[in-house]
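Residues per chain, in single letters:
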Amino acid sequence: ISTAQYNIGVKYNNGEGVPQNYTKALEWFRKAAEQGLSAAQVRIGYLYEMGKGVPQNYTKALEWYRKAAEQGNAGAQNDIGVMYDKADGVTENDPEAEIWYRKAAEQGHLTAQRNLGFLFSNENQGVIKNLVEAYAWLSIAATQGDEDSKKRLPYIKESMKNHEINSGQKLASEYWEKYVVPFQ
């Protein structure tokens, strides 16, 4: 039943066969979410984050994302990482962003892999810049077709010594086998 309720919510959310109506979408997503469907919980979080059909409310968005993330939903884990990374409704907390990005990235979530690479490629508060890690994560994201990662890699490579590049390539190969291959 929860999947059917979720699908009705998607129809209203996207205006597929019915007029687009975020309020109705939220009603249907909530029915599915209350039964534990993580995809519906993510959708509710997104509606609150963006203020679609409800007043924008980052606290409620984070609450719904967490419900899904605690069930292992990689998209929700990445979304939480973004909120902490970009200070969207929460205090910026790069170590917290790293934790959530890593949880999602290790489940094969491409955007989280890129986000983790970007996080390691910059000076951040509480996350040590690590170009070898950045290179590895961005390499696997780029290999999967992520354009932002493809653009960022040459700049990172310019700042690395040969032995660091070699270490990054080795780590990327390990990450590929652990965090991409099993999810293909």
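Before going into details, it helps to say that this report is about the structure given with it.

Procedures and definitions
- Residues numbered from 1 in each chain as written.
- Predicted model: local features only at pLDDT ≥ 70, side-chain atom pairs only at ≥ 80, totals over all residues.
- Heavy atoms only, no water.
- Helix = DSSP H or I, 4+ residues; strand = E, 2+ residues; numbered from the N terminus.
- Buried < 20%, exposed > 50% of the residue type's maximum accessible area, 1.4 Å probe, protein only.
- Contact = heavy atoms within 4.5 Å.
- Areas by Shrake-Rupley, 256 points an atom, 1.4 Å probe, with all protein chains shown as cover.
- Lys, Arg positive; Asp, Glu negative; His and termini not counted.
- Charge placed at Lys NZ, Arg CZ, Asp CG, Glu CD.
- Axes fitted to C-alpha atoms, helices over the stretch in contact; angles between N-to-C directions.
- Parallel < 35°, antiparallel > 145°, perpendicular 65-115°, else oblique.
- Left-handed = near helix turned anticlockwise from the far one by under 90°.
- Nonpolar A, V, L, I, M, F, W, Y, C, P; charged D, E, K, R; others polar.
- Expected span 1.5 Å × (residues − 1).
- Core = buried A, V, L, I, M, F, W, Y, C linked by side-chain atoms within 4.5 Å.
- Salt bridge = Lys/Arg side-chain N within 4 Å of Asp/Glu carboxyl O.

Turning our attention to the overall build of the protein chain. Check the secondary structure of the protein chain and you find 10 helices and 0 strands. With the C-alpha coordinates aligned to their principal axes, the bounding extent of the protein chain is approximately 55 × 35 × 25 Å. Within the protein chain, the fraction of its 184 residues that count as buried is 43%. Considering only contacts in the protein chain between residues 6 or more positions apart, those separated by 24 or more positions represent 48%. In the form shown here, the protein chain has an accessible surface area of approximately 9300 Å², with 48% of it arising from carbon and sulfur atoms. Taken together, the 21 basic and 23 acidic charged side chains of the protein chain have centroids lying 4 Å from each other.

Attention shifts here to the packing of helix H8 (residues 131–143) against helix H9 (residues 147–158). Interhelical geometry of H8 versus H9 gives an angle of 150° and a closest axis separation of 9 Å. Between H8 and H9, the angle is such that the two are roughly antiparallel. The crossing of H8 and H9 is left-handed. Here H8 contributes Leu131, Ala134, Tyr135, Leu138, Ser139, Ala141 and Ala142 to the contact with H9, which in turn contributes Ser149, Lys150, Arg152, Leu153, Ile156 and Lys157. Here the residues of the contact of H8 with H9 are counted per class, giving 8 nonpolar, 2 polar and 3 charged.

Helix length check: helix H1 (residues 2–14), at 13 residues, gives a terminal C-alpha distance of 18 Å against a target of 18 Å (1.5 Å per residue), a fit within 8%. On its buried face, H1 sits against helix H2 (22–33) and helix H3 (38–50). After H1 finishes, the residue Gly15 shows a positive phi value of roughly 70°.

Now for the nonpolar core. Most often, soluble globular proteins keep nonpolar side chains buried together rather than apart. With 54 residues, the main nonpolar core has Phe29 and Trp137 as its most contacted residues. No other element matches the 9 residues that H8 contributes to this core. For Trp137, the contacting residues outside a window of four places in its chain are Arg102, Ala105, Glu106, Gln113, Leu116, Gly117, Phe120, Tyr175 and Tyr179.

A few words on the pattern of salt bridges. In the structure shown here, the tally under the stated rule is 8 salt bridges. Of the charged contacts in the structure, one is a salt bridge between Lys11 and Glu16, with a shortest N-O distance of 3.6 Å. Judged by its relative accessible area of 38%, Glu16 falls in the partly exposed class. Here Arg102 and Glu106 are joined by a salt bridge, their closest N and O atoms 3.9 Å apart. Connected through shared salt-bridge partners, Glu98, Arg102, Glu106 and Glu133 make up one network.

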